[in-house]
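Here are the chains, one letter per residue:
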Amino acid sequence: MTVDVVHLLGVLLASLVSRILVSREVRPSFDVYGHLCFAKTLKEQEGGPFDSITLRVVGASPYSQPFVWHWLVGLFDVQWVLRNQSWLNGVIDSLFIVIAFLMAQWSGLSERVAIYAVAIYLLTPMWFSSIAAGPRIAGFTPRLSSEVATNVFFMVSLLPIGLSDFNVVVVAGIAAAFVLSSSKFGVQAMLFLTPLISLVGGTLLPILSLMAGGILTLVVSRGRIVGQIKSQLTHLAWYFKENRKGRMHVSNRNSFRGLFKRSDPSLKSHLTSLVQRVLAENSFTSVALKLPVIFVVAFVLLQAIGSDRDIYSSNLVAPVISACVVYFVVNLRPFLFLGEAERYLNHVAFFIALFAAKHMLEDGYEMWLWALLVYGALYWAIETFALERLKAGRVR
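All values derive from a computational prediction rather than experimental measurement. (Residues numbered from 1 in each chain as written. Predicted model: local features only at pLDDT ≥ 70, side-chain atom pairs only at ≥ 80, totals over all residues. Heavy atoms only, no water.)

(A) A look at the overall build of the protein. Secondary structure assignment for the protein yields 17 helices and zero strands. Principal-axis analysis of the C-alpha atoms places the extent of the protein at approximately 65 × 55 × 45 Å. Out of the 396 residues in the protein, the part that is buried amounts to 52%. Carbon and sulfur atoms form 67% of the exposed surface of the protein, whose accessible area is close to 18,400 Å². Of the charged side chains in the protein, 33 are positive and 23 negative; the average position of the first set lies 11 Å away from that of the second. (Helix = DSSP H or I, 4+ residues; strand = E, 2+ residues; numbered from the N terminus. Buried < 20%, exposed > 50% of the residue type's maximum accessible area, 1.4 Å probe, protein only. Areas by Shrake-Rupley, 256 points an atom, 1.4 Å probe, with all protein chains shown as cover. Lys, Arg positive; Asp, Glu negative; His and termini not counted. Charge placed at Lys NZ, Arg CZ, Asp CG, Glu CD.)

Here is the structure:
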């Protein structure tokens, strides 16, 4: 399919402007300093992406996790990265959007569907909001890189973009290896989503690609990735036990009883806490307010039940349904230790946007898509000019 270069440049420009506007004044968070500290220490100690580091802390012992992202960041001047961290994620996400826009058209979807999907992705609050438990855009950490690489992994392994099965496994395997070697949460997302997506979608390509990525990571790391994943499993086992006892912060993250509870006499402090609980801490209210496109997806899926349309065999459906299943399971109290459930939805974000755009346009509900875009724009304005001030006051 021929791609309009002018439209492609327009998508890139719109993406850059919208993403950098979101994060332009965001200060580095604790997570940013922590990950850049890892990158700097790895560089100073001349370690490789699978080596251990010893932080300059009294009593520190060697620490190891998948460090490929940190090793890549360490190729640059870390102080420069820190000074410019507010826009780096915007560039990464914009490049991903261009790739996703191209792949959507290569798979046979119309340019109109692809443009609407890009617009939905750009204006869905869940994917740009800085009020979150670890923001995607506003904070240069492995999170966004892992999420977009996982999206690319599933797009390559599921969409008919003209690659042979062998090339699919190679390209998707490289994306999987990056995620497995860079992000502990990304490892969980890959391991939970991939088998389910292969099962629902009736294809072995995602599983085979993940296996290829695992083998590549095992070879490149000379087996050290096994010890790092074992360490992660040990931590998760401890987290599981503590969560069952109700001792962790996440143990009550979805409690509606404490959602509106006033714990501070100051009205501004109370509103700040309320905004944080509703938009970041409680998974259900967060998704309801920041991921309205998921209701459109649910509408399409429910409407198709019992109809003559066979949308459930679409290659867009498996990632969406699978991520929703994982979302609801992880939000069960015994599984809250597995992280913020909404982040699993982010790992198939562009599939959600594509699914909504394609089927709402086919069904003649284009105005619903415009409603989503208007809502996202209004949310951005409110967060930028009102909610951000509340958050800034809390941080100071």
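(B) Up close: the side chain of Thr-217. Tracing the backbone through its elements, the reader meets Thr-217 in helix α9 (residues 205-220). Once you skip the residues sitting within four places of it in the chain, Thr-217 turns out to touch Phe-50, Ala-177, Leu-180, Ser-181 and Ile-225. (Contact = heavy atoms within 4.5 Å.)

(C) Region of interest: the nonpolar core. Counting 93 residues, the largest nonpolar core has Tyr-121, Phe-350, Phe-351, Ile-352, Leu-354 and Phe-355 as its most contacted members. It is helix α16 (residues 349-362) that contributes the most residues to this core, 11 residues altogether. Ile-352 has contacts with Trp-127, Val-293, Ile-294, Val-297, Val-320 and Leu-345, leaving out every residue within four places of it along the chain. One finds Val-22, Ile-131, Val-275 and Ala-280 within the second-largest nonpolar core, a separate group that totals 10 residues. (Core = buried A, V, L, I, M, F, W, Y, C linked by side-chain atoms within 4.5 Å.)

(D) Focus on the confidence of the model for the protein. The pLDDT averaged across the protein works out to 89; a share of 96% of its residues lies at or above 70. Low confidence marks residues 392-396, where pLDDT is under 50. Its contacts with residues over four positions away, or in another chain, come to three contacts. (pLDDT = per-residue confidence, 0-100.)

(E) Structural view of the pattern of salt bridges. Evaluation of the coordinates by the stated rule reveals nine salt bridges. Two residues, Arg-136 and Glu-147, come together in a salt bridge whose shortest N-O distance is 2.6 Å. In this pair, Arg-136 is assigned in the loop between α5 (111-123) and α6 (142-158) and Glu-147 in helix α6, connecting sequence segments 11 residues apart. Note on accessibility: Arg-136 and Glu-147 belong to one class, buried. Residues Glu-147 and Arg-143 are paired through a salt bridge, measuring 3.1 Å at the closest nitrogen-oxygen approach. In this pair, Glu-147 and Arg-143 both sit in helix α6, four residues apart, roughly one turn of the helix. (Salt bridge = Lys/Arg side-chain N within 4 Å of Asp/Glu carboxyl O.)

(F) Structural view of the packing of aromatic side chains. Within this structure, the stated rule accounts for 22 aromatic pairs. A ring pair is formed by Trp-80 and Trp-87, whose centres lie 6.0 Å apart and whose planes are at 85°; its orientation type is edge-to-face. Accessibility expressed as a relative area gives 29% for Trp-87, which makes it partly exposed. Where Phe-128 meets Tyr-379, the ring centres are 6.1 Å apart and the plane angle is 70°; that geometry is what we call edge-to-face. Here Tyr-379 lies in helix α17 (residues 366-395) and Phe-128 lies in the loop between α5 and α6, a separation of 251 residues in the sequence. Tyr-379 matches Phe-128 in its accessibility class, with the two residues each being buried. Three or more aromatic residues joined by ring pairs make a cluster, and in this case those are Phe-96, Tyr-121, Trp-127 and Phe-350. (Phe/Tyr/Trp six-rings, centres within 6.5 Å; stacked < 30°, edge-to-face > 60°.)

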